[in-house]
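# Per-entry structural report
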Amino acid sequence: MNQILTALIIIAFTILVFLFMKKLYISYPFTFLTPILTSTIVIVILLNLFGISYDTYMIGGSWMNQFLGPAIVGLAYPLYSQRKVLAANRYVIMSGVFCGVLAGMSSGILLALAAGINEQVLYSILPKSFTTPIAIELSSQAGGIPSMTAIFVMFAGLTGAILGPQFLRLLKITSPVSIGIAMGCASHAIGTSKSSELGQTAFSMSSVSMTLSAVFGSFLSPVILQLYHSFGF
């Protein structure tokens, strides 16, 4: 009974913090006030301030994690509403996501090599642009550190959501199709959430891109690792 009460309090606390930060973002729509970033920071500060451990927080956090599946399924609605746009751009989507996944994993390896990072950390970085469950599984299979991979995934998502729209504007990319593909491919669910602010088409494209990235990444990851070892890095 105590655990149930604790879980409910933690869930309510998390929702209230998020709603407050979302209201703040609506009032002051600055990029660095993105709710998922500010909510995370505020929750971490409050947990430390009141001496609440991670394990205690996850009594409720584990319940929230179980809703991630239904939440992802909920993305089917915008996909259905934009089905004609998706069908008309199917070749652009497939080729764009494939190139994005290839570039994301290759750049991760190159940056890790340039920084002199050991192989286990490199394997943890490799799937950074995929949604967390897929990224952790790929990291485990490659010999990486799943907990470290989760951090890299979060970092990729937040940086993409914060800097992605400005970077695309700098490159004069204004097509909602291109924006959605880029955001979903580079920043998975967090980027897709940000894309919802940029219109229904961008949101739908980002949802498809996020899903295809995980599929392509599952096939390309072993190939890229094999090439990495074949060239003797």
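Below or above, wherever it landed, is the structure these notes cover. Every value quoted in this text rests on a predicted model; they were computed, and no experiment measured them.

### Topic: the packing of helix α10 (residues 146-170) against helix α11 (residues 176-195)
- Orientation of α10 relative to α11, taken along the N-to-C sense of each, is 130°, at an axis distance of 8 Å. Considering the angle they form, α10 stands oblique to α11. Regarding α10 and α11, the two cross each other, and that crossing is left-handed. Taking contact as the criterion, the partners of V153, M154, A156, G157, L158, G160, A161, G164, P165 and L168 in α10 are, on α11, I179, A182, M183, A186, S187, H188, I190 and K194.
- Of the residues assigned to the contact of α10 with α11, the class counts are 12 nonpolar, 5 polar and 1 charged.

### A look at helix α9 (residues 132-142)
- For α9, the full list of buried residues reads A135, L138 and S139. Mapping the buried residues of α9 onto a view down its axis gives an arc of 100°, with all of them on the same face. Exposed and facing more than 90 degrees away from the buried side of α9 are P133 and Q141.
- The secondary structure elements touched by the buried residues of α9 are α8 (119-125), α10 and α12 (200-230).

### Notes on the packing of aromatic side chains
- Overall, the coordinates contain 1 aromatic pair when judged by the stated rule.
- Considering the side-chain rings of F98 and F216, the 5.9 Å spacing of their centres and the 80° angle between planes classify their relative orientation as edge-to-face. With F98 in helix α7 (residues 90-114) and F216 in helix α12, this pair connects stretches of sequence that are 118 residues apart.
- Judged by its relative accessible area of 36%, F98 is partly exposed.

### Concerning the nonpolar core
- In terms of nonpolar packing, the biggest core is built from 27 residues, with I93, V97, V101 and M105 touching the most fellow members.
- Those elements that place two or more of their residues in this core are α7, α8, α9, α11 and α12.
- For this core, the element with the most residues is α12, which contributes 8 residues.
- If sequence neighbours within four positions are ignored, M105 has contacts with L126, F130, G217, L220, S221 and I224.
- Counting residues in each nonpolar core, the second largest holds 6 residues, with V17, M21, I43 and Y57 among its members.

Thresholds, definitions, all that
- Residues numbered from 1 in each chain as written.
- Predicted model: local features only at pLDDT ≥ 70, side-chain atom pairs only at ≥ 80, totals over all residues.
- Heavy atoms only, no water.
- Axes fitted to C-alpha atoms, helices over the stretch in contact; angles between N-to-C directions.
- Helix = DSSP H or I, 4+ residues; strand = E, 2+ residues; numbered from the N terminus.
- Parallel < 35°, antiparallel > 145°, perpendicular 65-115°, else oblique.
- Left-handed = near helix turned anticlockwise from the far one by under 90°.
- Contact = heavy atoms within 4.5 Å.
- Nonpolar A, V, L, I, M, F, W, Y, C, P; charged D, E, K, R; others polar.
- Buried < 20%, exposed > 50% of the residue type's maximum accessible area, 1.4 Å probe, protein only.
- Arc of directions from axis to C-beta.
- Phe/Tyr/Trp six-rings, centres within 6.5 Å; stacked < 30°, edge-to-face > 60°.
- Core = buried A, V, L, I, M, F, W, Y, C linked by side-chain atoms within 4.5 Å.

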